[in-house]
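What follows is each chain in one-letter form.
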Amino acid sequence: PPMASARPLPLPLLPLLLLCAGGALAQWDVMHAWRTGARPPGLSAEQLYEAAHGLQGADDAGAAARYRWALELSPRLFAAHINLGNILDSHGQLEEAAHHYREAHAAAPRAQLAALNLGNTLNRLSRRTQAAEALSTAVQLDPSHWQASLNLGNTMCAMGQLSQAVELYTALCAQHPQ
């Protein structure tokens with residue numbers, strides 16, 4: 001059979017086609033923004049968070065950019081701060097990771113994870129006093145969380161506060177005898 005010839009669309013049909021293809025054009029706009037590094041228009045912080053979460057582990061740089069875009073729209077988005085902090089921490093960007101854990105803690109002061117991650121990162125930065133404060137907060141928020149207690153005990157040992165560390169280890173062993 002003969003090939004159909006490509007003819008230009010009559011001009012009056014072009015606006016109708018563009019109107020019907022609005023979703024496809026919006027999708028193209030988003031994909032173009034992803035490729036150019038610009039924040040895509042029209043997406044919510046939650047949509048950007050979901051896009052970032054889907055990339056985390058496979059494309060940490062892309063995920064980090066999307067978490068940052070989500071935080072531009074919703075600066076107190078707890079999970080975005082935590083996950084961005086985790087990416088930064090895993091890539092050795094400890095100062096910025098600590099910043100995001102602090103922001104996560106400010107957004108959700110009762111969330112133990114922010115205090116625990118902050119304490120662990122501050123330990124890696126050798127800021128033992130600040131780490132002990134953050135880890136102490138983590139233990140207060142969830143006294144049964146063995147990692148927070150263990151990390152606080154280890155921090156106390158590193159600070160030379162052995163009697164406090166022994167108290168923590170003893171309490172930890174009583175709570176978790178296995």
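Residues numbered from 1 in each chain as written. Predicted model: local features only at pLDDT ≥ 70, side-chain atom pairs only at ≥ 80, totals over all residues. Heavy atoms only, no water.

### Observations regarding the overall build of the protein chain
Part 1: Looking only at helices and strands, the protein chain features 10 helices and 0 strands.
Part 2: Reading the helices (α) and strands (β) of the protein chain from amino to carboxyl end gives α-α-α-α-α-α-α-α-α-α.
Part 3: Per-residue burial for the protein chain yields a buried fraction of 34% across its 178 residues.
Part 4: Considering only contacts in the protein chain between residues 6 or more positions apart, those separated by 24 or more positions represent 41%. (Helix = DSSP H or I, 4+ residues; strand = E, 2+ residues; numbered from the N terminus. Buried < 20%, exposed > 50% of the residue type's maximum accessible area, 1.4 Å probe, protein only. Contact = heavy atoms within 4.5 Å.)

### Brief notes about the packing of helix α4 (residues 60-73) against helix α5 (residues 78-90)
Part 1: Relative orientation of the contacting elements α4 and α5 amounts to 145°, with a least axis distance of 9 Å. Handedness of the crossing formed by α4 with α5: left-handed. Touching D60, A63, A64, Y67, R68 and L71 of α4 are A80, H81, N83, L84, I87, L88 and S90, all from α5.
Part 2: Looking at the contact of α4 with α5, its residues break down into 8 nonpolar, 3 polar and 2 charged. (Axes fitted to C-alpha atoms, helices over the stretch in contact; angles between N-to-C directions. Left-handed = near helix turned anticlockwise from the far one by under 90°. Nonpolar A, V, L, I, M, F, W, Y, C, P; charged D, E, K, R; others polar.)

### Structural notes on helix α8 (residues 128-141)
Part 1: Taking 1.5 Å per residue as the helical rise, α8 with its 14 residues ought to reach 20 Å, and the 20 Å between its terminal C-alpha atoms agrees with that figure.
Part 2: For α8, the complete set of buried residues consists of A131, A132, A134, L135, A138, V139 and L141.
Part 3: On its buried face, α8 sits against α6 (94-107), α7 (112-124) and α9 (146-158). (Expected span 1.5 Å × (residues − 1).)

### Quick word on the side chain of D89
Part 1: Take D89: it is sitting in helix α5.
Part 2: The exposure class assigned to D89 is buried, which follows from its relative accessible area of 15%.

### Concerning unusual backbone geometry
Part 1: In the Ramachandran plot, S126 falls in the positive-phi region, its phi being about 60° despite a non-glycine side chain.
Part 2: Here S126 is to be found in the loop between α7 and α8.

### Overview of the nonpolar core
In globular proteins that are soluble, nonpolar side chains generally tend to be buried together.
Part 1: Core analysis: the biggest nonpolar cluster contains 25 residues, and Y67, L77, A80, L84 and L118 have the highest contact counts within it.
Part 2: Where this core is concerned, the elements lending two or more residues are α3 (45-55), α4, α5, α6, α7 and α8.
Part 3: In terms of residue count, α4 provides more of this core than any other element does, 6 residues in total.
Part 4: When neighbours within four sequence positions are excluded, L118 is seen to be in contact with A98, Y101, R102 and A134.
Part 5: In terms of nonpolar packing, the next biggest core, distinct from the first, is built from 11 residues, A115, L116, A148 and L168 among them. (Core = buried A, V, L, I, M, F, W, Y, C linked by side-chain atoms within 4.5 Å.)

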